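Residue strings, one per chain:
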Amino acid sequence: NYSADDDVLEMYRHLFLEYKGSVVISASSPGETAIKWPVTGGVYTTNLLRSLCYASMNSYTPDWKEILEQASLETEKEIMLKEKTHYTPQYEMQ
């Protein structure tokens, strides 16, 4: 029987097992320090997990670029709102 969990598993299979190349992710750019909150932990990690979760709840096949762009944007907005400073997560895909 089909379930929504099948779509989630397929999404993760696509992202983690079928991607050809490498994805390098860093929570901050050179000269910046990664930021964490006392309760939720790393800001970028939390937003990356949220982006993965959001992608799994939608009926499309996301790609790494889309997920990483969303996580970076949300992290930049959150840091600007709470810390009033620029913060730039970075990633590279090959």
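**Thoughts on the nonpolar core**
Thought 1: Residues Met11, Leu15, Tyr44, Leu48, Leu52, Ala55, Trp64, Ile67, Leu68 and Ala71 constitute the largest nonpolar core, which totals 10 residues.
Thought 2: Elements with a contribution of two residues or more to this core: α1 (4–17), α2 (43–57) and α3 (64–83).
Thought 3: Apart from residues lying up to four places away in sequence, Ala55 is in contact with Met11, Tyr60, Pro62 and Ile67.

**Here we look at the packing of aromatic side chains**
Thought 1: All told, the structure shown has two aromatic pairs when counted by the stated rule.
Thought 2: Here the aromatic rings of Phe16 and Trp64 are separated by 5.1 Å at their centres, their planes lie at 90°, and the arrangement is edge-to-face. You can see Phe16 sitting in helix α1 and its partner Trp64 sitting in helix α3, a full 48 residues away along the chain.
Thought 3: Residue class for Trp64 comes out buried when judged on its relative accessible area of 8%.

Criteria and thresholds
- Residues numbered from 1 in each chain as written.
- Predicted model: local features only at pLDDT ≥ 70, side-chain atom pairs only at ≥ 80, totals over all residues.
- Heavy atoms only, no water.
- Core = buried A, V, L, I, M, F, W, Y, C linked by side-chain atoms within 4.5 Å.
- Buried < 20%, exposed > 50% of the residue type's maximum accessible area, 1.4 Å probe, protein only.
- Helix = DSSP H or I, 4+ residues; strand = E, 2+ residues; numbered from the N terminus.
- Contact = heavy atoms within 4.5 Å.
- Phe/Tyr/Trp six-rings, centres within 6.5 Å; stacked < 30°, edge-to-face > 60°.

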